[in-house]
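Chain and residue survey
Below, each chain spelled out in residue letters.
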Amino acid sequence: MTPPPVPTPQPDPADASGAGGPFDAVPALDGELCFDGATLEAASGDFGRMVRRSPAAVLKPGSADDVATMVRYCRERGVKVAGRGQGHSTNGQAQVPAGLVVDLGSLDAVEIRDNTAVVQGGVLWSTLVRATLPLGLTPPVFTDYLELSVGGTLSAGGLGGQIGHHGTQVDNVLELEVVTGEGELTTCSPTERPDLFRAALGGLGQCAIITRATLALVPAPRSVRLYTLTYPSVAALTAREAELIREGRFDYLVGQVMLTPDGWIHFIEAASYDATAADDARLTDGLGYTSVEAQEMEYFDFLDRIAPLVDMLRSNGEWQRPHPWYDSLLPASTVNEVVTETLAGLKSGSLGASAVVLLYPVLTTKCRTPLPVMPDEELAYLFSLLKTASPGADSAEEMVAANRAQYDTTVEAGGTWYPIGSVPLTTDDWVRHFGAFWPEFRAARHRYDPDGILTPGQRIF
Ligand SMILES: Cc1cc2nc3c(=O)[nH]c(=O)nc-3n(C[C@H](O)[C@H](O)[C@H](O)COP(=O)(O)OP(=O)(O)OC[C@H]3O[C@@H](n4cnc5c(N)ncnc54)[C@H](O)[C@@H]3O)c2cc1C
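Remember, it's a predicted structure, so these values are computed and weren't measured experimentally.

Counted by the stated rule, this structure contains zero disulfides. Looking at the unpaired Cys34, the closest cysteine sulfur is the one in Cys74, lying at 14 Å. The thiol sulfur of Cys188 is not disulfide-bonded, and the nearest other cysteine sulfur, from Cys207, lies at 10 Å. Accessibility expressed as a relative area gives 0% for Cys188, which makes it buried.

Turning our eyes to something else, we now look at the packing of helix α7 (residues 234–247) against helix α11 (residues 335–345). In contact at an axis separation of 10 Å, α7 and α11 are set at 145° when each is read in the N-to-C sense. Crossing of α7 over α11 shows right-handed handedness. Residue-level inspection shows Val234, Ala235 and Thr238 of α7 in contact with α11, the latter providing Val335, Asn336, Val339, Thr340 and Leu343. Here the contact of α7 with α11 is composed, by residue class, of five nonpolar, three polar and no charged.

Around the ligand lies a shell of 32 residues, among which Gly83, Gly85, Ser89, Ser149 and Tyr418 are the nearest. Here an oxygen atom of the ligand sits 2.7 Å away from a polar atom, N or O, in the side chain of Ser89. Here a nitrogen atom of the ligand and a side-chain polar atom of Ser155 are 3.0 Å apart. The protein chains hide 96% of the 950 Å² of surface that the ligand would expose on its own. Elements supplying a minimum of two residues to the shell around the ligand: β3 (81–84), α4 (150–156) and β10 (208–216). With four residues, α4 is the largest single contributor of residues to the shell around the ligand. When the residues that make up the shell around the ligand are grouped by side-chain class, the tally is 13 nonpolar, 17 polar and two charged. Built from parts of two domains, the shell around the ligand gets at least three residues from each of domain 1 (13–103 + 453–458) and domain 2 (110–220).

As assigned here, the protein chain comprises domain 1 (13–103 + 453–458), domain 2 (110–220) and domain 3 (223–417). Put simply, the middle of domain 1 and the middle of domain 2, counted by C-alpha atoms, are 23 Å apart. Residue-level contacts link 17 residues of domain 1 with 19 residues of domain 2. Between domain 1 and domain 2 lies a buried interface of about 1400 Å² when both sides are counted; carbon and sulfur atoms form 65% of it. Considering only the side of domain 1, the residues that lose the most area to domain 2 are Ala64, Gln86 and Leu454, jointly responsible for 33% of the buried surface there. Applying the counting criterion to the domain 1 and domain 2 interface returns zero salt bridges. For the pair domain 1 and domain 2, the number of links is three residue pairs in polar contact (both at pLDDT 80 or more). Only α2 (64–77) and β3 provide two or more residues apiece to the side of domain 1 that touches domain 2.

We describe a pair of aromatic rings using the distance from one ring centre to the other and the angle between the two ring planes. One pass over the structure, following the stated rule, counts 18 aromatic pairs. On the basis of an interplanar angle of 80° and a centroid distance of 4.8 Å, the ring pair of Tyr252 and Phe302 is categorised as edge-to-face. Separated by 50 residues along the polypeptide, Tyr252 in strand β13 (residues 252–260) and Phe302 in helix α9 (residues 299–303) bring together distant segments of the chain. For the pair Tyr252 and Phe302, a shared accessibility class is recorded, and that class is buried. Note on Tyr407 and Trp417: the rings are 6.5 Å apart at their centroids and 90° apart in plane angle, and the pair reads as edge-to-face. Here Trp417 lies in strand β19 (residues 416–417) and Tyr407 lies in helix α12 (residues 396–412), a separation of ten residues in the sequence. Look at Trp417 and you get buried, because its relative accessible area is 3%. Three or more aromatic residues joined by ring pairs form one cluster here, namely Tyr407, Trp417, Trp430, Phe434, Phe437, Trp438, Phe441 and Phe461.

The rules we used
Residues numbered from 1 in each chain as written. Predicted model: local features only at pLDDT ≥ 70, side-chain atom pairs only at ≥ 80, totals over all residues. Heavy atoms only, no water. Disulfide = S-S within 2.5 Å. Buried < 20%, exposed > 50% of the residue type's maximum accessible area, 1.4 Å probe, protein only. Axes fitted to C-alpha atoms, helices over the stretch in contact; angles between N-to-C directions. Helix = DSSP H or I, 4+ residues; strand = E, 2+ residues; numbered from the N terminus. Left-handed = near helix turned anticlockwise from the far one by under 90°. Contact = heavy atoms within 4.5 Å. Nonpolar A, V, L, I, M, F, W, Y, C, P; charged D, E, K, R; others polar. Near = heavy atom within 4 Å. Polar contact = N/O pair within 3.5 Å; in protein donor to acceptor, adjacent residues only side chain to side chain. Areas by Shrake-Rupley, 256 points an atom, 1.4 Å probe, with all protein chains shown as cover. Domains from an automatic or database assignment. Buried area = accessible area lost by both parts, 1.4 Å probe. Salt bridge = Lys/Arg side-chain N within 4 Å of Asp/Glu carboxyl O. Phe/Tyr/Trp six-rings, centres within 6.5 Å; stacked < 30°, edge-to-face > 60°.

Here it is, written out as C-alpha cells:
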C-alpha cells in the first residue's frame, strides 16, 4: 500500500536558517539553500497528491558545483538527497523526508551547438523546443506534456509517439554531466564511464543527479498533418498499430481507448511531418478504419496539443486531485488479452472523471539503452491507465490497490512497469523489474552512491 500521508511538519521559525540542524555549517554556494515554509511545502508533494514528505531543506542551485558541494555535505552527515524537476511524478519519487531536495528548476540554461542541444537538468522540454525551432531543429522525441524537466524525463525514460523512428528520449542523449552520490561532478557518455551513463539514463536518480545533458537534434518540420483513425476493437487497433509502426508510414503514432456513453472507442493519432506534401489518400489507404479525420497544425502546436486540456483540467479541479497512475509495457503476444480483460473488469468509478487510457506501440528494437526495461519481444505496447480520484469515483487508496493487482497481471503476461506511476513495490519486485540489468544497476549504485543517499522515494534499494 501507499504509505499514509505524513503531515507536513511546520518549520520552526527559530530554525529558519538551518541553525542547529544538519545544515548549520553549509559552505558558500552560488545559489540558495532554502528553509522557508513555502519552499519546503512545495517540495513536499507531487502531481500524484497522495504522498507527502517534507524535506529539511531545498537547494536552488546556482551551478552544478552547488549540487556537488551539497551532495558531499549531505553524504558526510548521512542526509538523503533527491533531485526534483517539475514534481510531476505521482508517488513521492522526488521527495526526501527530513533530507535535501535539489530543485533543478534554477539550472535552466540552453545552448544549441551545431546539431545538438546542451541543456541543464532543470530545462523544460517546452523551453528547449522553443529555442531549437527558430534554427529549424527539434529534439526527435517528446512526451505528451511539454512542461516536464529534461532531467526528470531522462530519469524515467521519456516515451512518445516518435518511438518507432527514434526510440525513447534517453536513446537520443549523447553525453551527461552528473553529480554522483559521492558528490563528484563528472561527465559520462557511451565511451566515458559507460556504466554510469547506462545507469543514469532511465535510472530513476539512483546513481546520480543529472545537471546537464547533450541531446541530439534533427530537422524540424514546420507543420504536420494529423490523422485520427477509429477502430472497432482493441484487437483491430493493436493490429493496425503494429502494421503502421513496422512500416514507418507516419512520423508519429499513438493510440487511446476512451469510454463514451456508447461504450469504448479505440483510436490512433498518426502524424505526417510534411504537411504540405501529405497526400491523404496515400497515407490512409488500406488502413481499415471506421472513421478518419485529418487536420493540419503548426509543429509546436501539435507537440503542445494537450495544453488546452490541461487548462481545462486545472479550471475544473481535476488537475489538483490525486492521480494514481498506472503505466505498463505489454508484449505484443499478450496485449489484446490483458487490455480486453482489464477494460472489461473496470467499474464506473475505477478510472475517475478525466481518465486517459493510452495504448500505443513501441518497437523495442529502437530502444537501445538498458532502461527503461522493455518486454522481451520486438514489439510491445504502452498501456497506461491515467486515473484521477475524482469526486464519486474510487478513492486514491482503492485505485492504488487496483494498480498493484494490475502490476501482477502485467508481470505474469511478460510485461514491465514504466515506473512513473503509483504502484507499491517491494525490493523483490524491483529486482524482478530490472531483470537481467539488475546486477549492473546494483553495481553502479554501490560504486557511485556507496552510502545510498540518493532518491529514497523510489524505495528501490
Ligand atoms: C501530464 C503528464 C504527462 C506525461 N506524459 C508522459 C509521456 O508522454 N511520456 C513519458 O515518458 N512520461 C510522461 N509523463 C511522466 C513524466 O515523464 C515523469 O513523471 C517525469 O519523471 C516527470 O518529470 P519531472 O520533471 O516532473 O520530474 P520529477 O517528478 O520532479 O522527478 C521524477 C523522478 O526523477 C528524479 N529526478 C528529477 N530530476 C532529476 C535529475 N535532474 N537528475 C536525476 N534525477 C532526477 C526525481 O528524484 C524523481 O525520482 C507525464 C507526466 C505528466 C504529469
